[in-house]
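# Understanding the architecture of this molecule
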Amino acid sequence: MLAGVEWDYNRLEDGTHKIAGEIQLRTYGQFLEEYGAQLKGIEEALEDSVCDSWDVSLNPISLQFVPYERTTLLQLIDTDNKVLNKILVVFATLCAEVRYLQSEAKDKYYDIILFYGEGGEGNLQDGAAQLLVSRMLPHLQELSCFVKRCEQVAVQIVEQLAALYSSSKDAPHIINATGIHFQDVFEHLGDILVILLTLDEVLGNHSTLHDHWIIYKRTLKSVHHDPSKFGVELEKLKNFENLLSKLENHLLTGKIFQKMVEQSFGGTKGFISKNISLAEEFNLYLRNAITVLEMKAVDLPDSEHLMLWVKLSALYVLNFNLFGTVDRKLFKQLWDLNKRIPAVTLVGNILWFPEQFLLTHLTHMAKLIDKKTQQIVQTRRQAYLQQKAQSLPKEVRTFCLQACLWMVQMETTLKRDSTVLKLEDLNQRCDLFLQGVQYACEISHLLKTVTNLHVTLAKPMTKTSVLALCKLVELLKGIQHMYLHHNMTIAKSINHVVQHLAFQALSIIVSAKKGVVQDKRYSEKHLDILSSLVLAEKVLYGPGTKERRLIACLALSTANQMRTFRDDEWAILVALLHKLDMMCDIQEKVASACDCSFFYWHRVILPTYFANLYESKVDLHRLAYMFCALRDCILAMERTKHNSSPQVLKDSFDREICGYLSEQVLQPLCHDIETNLRLHVHSHLQLDDRNPFRVGVMDFTPFLRLKPLRFFNRYIDIRGFVEHYLDQTFYNLTTVALHDWKTYGEMRNLAQHNFGLATVEDHLPSQTLEQGLDVLEIMRNIHIFVSKYLYNLNNQIFVEQSSNNKHLNTINIRHIANSIRTHGTGIMNTTVNFTYQFLRKKFFIFSQFMYDEHIKSRLIKDIRYFRENKTQLEQKYSYERADKFNKGIRKLGVTADGLSYLDQFRMLISHIGNAMGYVRMIRSGGLHCCSNAICFVPDLEDIVSFEDLCKEADLSNQCRSAAHRLDQVIGNLVRNFAEGTEYFKLLVDVFAPVFRDPKNMHLRNFHIIVPPLAINFVEHSITCKEKMSKKNKVGAAFTDDGFAMGIAYILKLLDQYEEFDSLHWFQSVRDKYNKDKASLGKHGSVVSKEDEKLQQTMTLTARRLDMYQHEFDLLYYSLSSARIFFQKENSTLEEENMKTEATSANSF
């Protein structure tokens, strides 16, 4: 074997590695380009949302930067001072519990009660009230437990404060509380009282709930009389009634707050009322709070300071009930605040009036406040509304300028690189973030106060005020939009700002701690101060959670004694902690300040807002902000429990708001655009002045450029709505008036050119300008058609009998063919079926007339006379006899229009003949339509199969299926064209057996009534034709071949052609008029030429005889032509008779 050669690949470098590397680099570069393009597409998709406004609920990722950590209060409050630890843990826990209860009340109970009864299902008579209350009972029971929990927490706070500030010598000594002012604990005690006070106001002002509750109790009483009927045990029913009674006493009497402040505090009220130190602390807090409130009331107060007023009033009442003393100066200060602040919105549309609250719960103070002073408060409240109605537009402009300036500053500031921020940048960002919240709070307060005051005081709101308030709503959502839009940038900055604020606070705390450490007097109080400062420093070093900030405030309250902090330092420290609170909870503060769920209760102003928006057509993008505000109501609605589902209320709200928008904006916009298009299309007509310099120009494009508005789980696309409206309108109106297709086509093109509206082509079958009356319309109203239109046999045309217009409508074969092309050939059989139903009704009347004794006896008499005098009459029916019948029948009576029974019978036969003429036209129109459709087939005898050709070419199954359908269509057309349908034969075969039945022998007299009918018809025809030349053309007509068609059809049904021919009626008429003319000629030769009057009379008589003879000849020709239709083929019945006769002859 040959030894293997070891190759040294390193020495044999031929450039392959380089080539492979280049390929890999190129592939990697291509991957990076594609990936970059994908990322760019995602970025663009996220930046440009479908809607103009920012919708946080649609964010793929929601960034919450609220500080959070998994630690407990016990872990945080851990100093060497065990006593201080216990005190701070107790108060921190109670304050945290109050915050939790506040959140629970807001998120769970307020909206349940406020929205009760809204969007209800059904009415009260159907038992809806009982159903609503029964759904609420579990939640009312939970609310009762919640109220008890609030009372327990409030009692616990008061007892803990009483233990801390104990002035009794017998009480155990815990800590030296002198100089310690737990203002935050009193603040939280006020919060718990505000919860109870708010529940009182919400439940007390809800008349619907109280009414339903009474109805529910009455229903229970009726059940109580017979529990077994309802399947309820009496014992359970009694327990249930007791439960209802407890709920009513606890919640619905309006005394939740009063019971709380008047309770015994677990039997310790006597001990608490004697606690002088606690009373002093209580009064200190009240005085400090009223000072802050008075300072803030000069400016526009925010929601925090407004709620401070409510807390202050509630705590003032509690203070009186605990200690029995009244600080009249403090009361006067509270009362004077009414001059600056008219009312406070607690929640939703619930207003709190402080003077009513104080006079209700401090009845003894009513003696100090006379009625005049009370009246002044109400007068000032009304004056506030009047003043706001005048100043509101100016205030709105000021707010707009301030908000716009703030937004510009935000945009400018946040565009800077957040990684290289200086201290002044951090301070600027902090101030900007807080300034936006401040503006939002002020706007929200103004909105809620003005709207709720108008409702509460039942004062009408001017249009200017409505528009100004809606502008504020838009501005409020604009501020929120700014925060949401820059959410990521704010998240990057917020930590830096919080750290900077914490650093500033820690600097002050560390400085104070050094001062305490340097003081060598180590007393117990010094140790408490030092421990508190160490604890405050410790918690501020961590994340700014609510727990840490609460502990810091409590610890600093403990540390701020013996002048630990100078006054200026303390003021700065309090301001820093307030800023820290605001910055850490900035998202929560913005959401609360910009919450517009209260707008649900004032949605009645929306029609005015929408109408003004449509009239002005300015700044339409703000519509998106209004819908953002309306979406805030959804979260509150989802908490409701009284309906079977919250969706019921949401659907009701959705319908109402969309109804307002549709009524005030969408429908007017659609109508105006349609009118604009019509005026453009018909500009050649004489229209009103449309000079844009005089009448102005209506520009609709701002509405059409708006992006879709999101509301609930759908988008409101104004452009799409208008396009759909135009599509629907153009299609429907083209269907109704098919000859207007060209006009609506031009309007469609104009909509695209002028407004960019892309409408859908209707794709209706092609029409002609002479479409005429539709087959379907005639078919449905054939009884009206045969009476209003006259038939012309020779031209196959129907002419309208009379019209209010200057022209008469006509219907010919082309019209019918076009209509059949529109609806398809299947409509022909349906039309004949409708005609059959119509003829059945007419033949019933025909039979009744022929069966009448007066008519039947005359006809039998005439038949007998003719048979007996055939020879003398030369086999001709006497004209005089027929004329006598025509004139004699008038003795039986006439209608209000002067029509005899024979006139009406003639009209009946004409209607039958018109119906047959219509059937003839249907058949002719069908053949005409088929011939037009089949004209492109080269040879009807040799039709190529397209399906076979597709198989030979091995085309796809879809092509073969299409070819098979084409073959079917062509085959159907050829069959219809070649054969047609003999509708006359069908209509003869269906009625002939009945007409020829021996039971209907009275119909056999028909042939003898034809001569009088002919005379009647000729007289009527001459009268109608004479009216053609007169000015009053009512009743004028120049053709009516329906009579001849009807006579021919009925004679065929009765098989009386031979009987009628035996009368030789038309020969008799001809002889009669020839004889009259000859007689007139003899008289004319005798009359002298000088007698002009007699000569004129004879000329007129001769002309009239010629006219009558001419009309009879026309009738004869029409009748002969009509008979041909029924003699083309023998009917089925006649064929059977002929076969029977042939068979019998053969057998013979």
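Residues numbered from 1 in each chain as written. Predicted model: local features only at pLDDT ≥ 70, side-chain atom pairs only at ≥ 80, totals over all residues. Heavy atoms only, no water.

Okay, the overall build of the chain next. Helix and strand content of the chain: 44 helices and seven strands. Across the 1148 residues of the chain, 46% fall into the buried class. Carbon and sulfur atoms provide 54% of the accessible area of the chain, an area that totals close to 60500 Å². (Helix = DSSP H or I, 4+ residues; strand = E, 2+ residues; numbered from the N terminus. Buried < 20%, exposed > 50% of the residue type's maximum accessible area, 1.4 Å probe, protein only. Areas by Shrake-Rupley, 256 points an atom, 1.4 Å probe, with all protein chains shown as cover.)

Another aspect to go through is empty space enclosed by the protein. Counted under the stated rule, the structure contains four cavities of 30 Å³ or more. Space inside the second largest cavity adds up to approximately 50 Å³. Surrounding the second largest cavity, Phe1066, Val1069, Arg1070, Gln1109, Phe1112, Asp1113 and Tyr1116 form its lining. (1 Å grid on protein atoms, 1.4 Å probe; cavity = no way out; pocket = protein on both sides within 12 Å on 5 of 7 lines; lining within 4 Å. Points joined across faces, edges and corners; volume = space filled by probe spheres on them.)

Here we come to the sheet that holds strand β5 (residues 789-792). Strand order in the open sheet formed by three strands is β5-β6-β7, with antiparallel pairing between adjacent strands. In this open sheet, the two edge strands, each paired with only one partner strand, are β5 and β7 (810-811). Together, β5, β6 (797-800) and β7 form the strand contacts of helix α35 (residues 901-934), whose direction differs from that of β6 by roughly 130°. (Pairing = 2+ DSSP bridges. Contact = heavy atoms within 4.5 Å. Axes fitted to C-alpha atoms, helices over the stretch in contact; angles between N-to-C directions.)

Assignment of secondary structure puts His454 in helix α15 (residues 423-456). For His454, a relative accessible area of 9% corresponds to the buried category. Leave out the neighbours within four places in its chain, and His454 touches Leu385, Lys459, Pro460 and Met461.

In this structure the tally under the stated criterion is 42 salt bridges. For Lys876, the salt bridge goes to Glu874, with nearest N and O atoms at 4.0 Å. The exposure class of Lys876 is buried, given its relative accessible area of 18%. Among the salt bridges present, the one from Lys876 reaches Asp1071, with a minimum N-O distance of 2.3 Å. With Lys876 in the loop between α33 (853-868) and α34 (879-888) and Asp1071 in helix α42 (residues 1065-1086), this pair connects stretches of sequence that are 195 residues apart. On the accessibility criterion, Asp1071 (27% relative accessible area) is partly exposed. One network of salt bridges, with partners in common, ties together Asp107, Asp111 and Arg639. (Salt bridge = Lys/Arg side-chain N within 4 Å of Asp/Glu carboxyl O.)

One finds Leu143, Phe182, Ile192, Leu318, Leu623, Phe627 and Ile673 to be the most contacted residues of the largest nonpolar core, which totals 240 residues. Those residues within four positions of Leu623 in sequence are excluded, and the remaining contacts are Tyr609, Phe610, Leu613, Leu661, Leu706, Leu709 and Ile718. By size, the runner-up hydrophobic cluster in this structure holds 91 residues, among which are Ile912, Ala1014, Phe1112 and Ala1122. (Core = buried A, V, L, I, M, F, W, Y, C linked by side-chain atoms within 4.5 Å.)

With that out of the way, let us pick up the packing of α35 against helix α38 (residues 983-995). Two packed helices can be described by the angle between their axes and the distance between those axes. Interaxial distance between α35 and α38 falls to 9 Å at its minimum, and their mutual angle equals 140°. Of α38, the residues touching α35 (which contributes Met916, Val919, Arg920 and Arg923) are Tyr983, Phe984 and Leu987. Of the residues contributing to the contact of α35 with α38, the split by class is five nonpolar, no polar and two charged. (Nonpolar A, V, L, I, M, F, W, Y, C, P; charged D, E, K, R; others polar.)

On to the pairing of β5, then. Because side chains alternate across β5, one face comprises the buried residues Tyr789 and Tyr791, and the other comprises Leu790 and Asn792, equally buried. Pairing of β5 with β6 involves four bridges; the strand directions are antiparallel. Bridging from a neighbouring strand, Tyr789 pairs with Glu800 of β6. Hairpin connection from β5 to β6: four residues lie between these consecutive antiparallel strands, with Gln796 at a positive phi of about 50°.

What the second largest pocket holds in volume is close to 1000 Å³. Lining the second largest pocket are 45 residues, with Arg906, His1020, Ser1021, Cys1024 and Asp1040 sitting closest to its centre. Going through the elements one at a time, α30 (782-788), β5, α34, α35, α39 (1006-1026) and α43 (1092-1125) are the ones with two or more residues in the lining of the second largest pocket. Split by residue class, the lining of the second largest pocket holds 14 nonpolar, 19 polar and twelve charged.

Okay, the environment of Val736 next. Considering the arrangement of structural elements, one finds Val736 in helix α27 (residues 718-736). Classification of Val736 as exposed rests on a relative accessible area of 70%. Note: C-alpha distance between Val736 and Asp774 (38 residues apart in sequence) is 9.6 Å.

Turning to the pairing of β6, a few remarks are in order. Judged by which residues are buried, β6 turns out to be covered on both faces: Ile797 and Val799 on one side and Phe798 and Glu800 on the other are all buried. For β6 and β7, the ladder comprises two bridges, and the chain directions are antiparallel. Residue pairing for β7: Val799 is matched across the bridge by Thr810.

As a further point, take the confidence of the model for the chain. Per-residue confidence for the chain gives a mean pLDDT of 83, with 89% of residues at or over 70. In the model, residues 48-52 has pLDDT below 50 throughout and makes 14 contacts with residues more than four positions away in sequence or in other chains. In the predicted structure, residues 1138-1148 sits below a pLDDT of 50 and forms one contact with residues beyond four places in sequence or in another chain. (pLDDT = per-residue confidence, 0-100.)

Turning our attention to a nonpolar patch on the surface. Taken together, the side chains of Tyr28, Phe31, Leu32, Tyr35, Leu39 and Ile42 define a hydrophobic patch exposed on the protein surface, amounting to about 620 Å² of accessible area. Within the element layout of this structure, Tyr28 appears in helix α1 (residues 16-47). (Patch = residues over 30% accessible without salt bridge, like charges linked within 9 Å, V, L, I, M, F, W, Y side chains within 5 Å.)

This part takes up the environment of His1020. You can see His1020 is positioned in helix α39. Residue His1020 is classed as partly exposed on the basis of its relative accessible area, which comes to 27%. Sequence-wise, His1020 and Asp903 are 117 residues apart; in three dimensions their C-alpha atoms are separated by 8.7 Å.

So, on to helix α18 (residues 524-541). The terminal C-alpha atoms of α18, which comprises 18 residues, lie 26 Å apart, in line with the 26 Å expected from a rise of 1.5 Å per residue. Buried residues of α18: Lys525, His526, Asp528, Ile529, Ser531, Ser532, Leu533, Leu535, Ala536, Glu537, Val539 and Leu540, and no others. At its buried positions, α18 is contacted by α2 (73-76), α3 (82-114), α17 (487-518), α19 (546-559) and α20 (567-584). (Expected span 1.5 Å × (residues − 1).)

Another point: the environment of Gln141. Along the chain, Gln141 falls in helix α4 (residues 128-164). The partly exposed category is assigned to Gln141, whose relative accessible area is 31%. It is 9.7 Å that separates the C-alpha atoms of Gln141 and Leu251, two residues lying 110 residues apart in sequence. Each residue touching Gln141, except ones within four places of it in the same chain, is listed here: Leu243 and Leu247.

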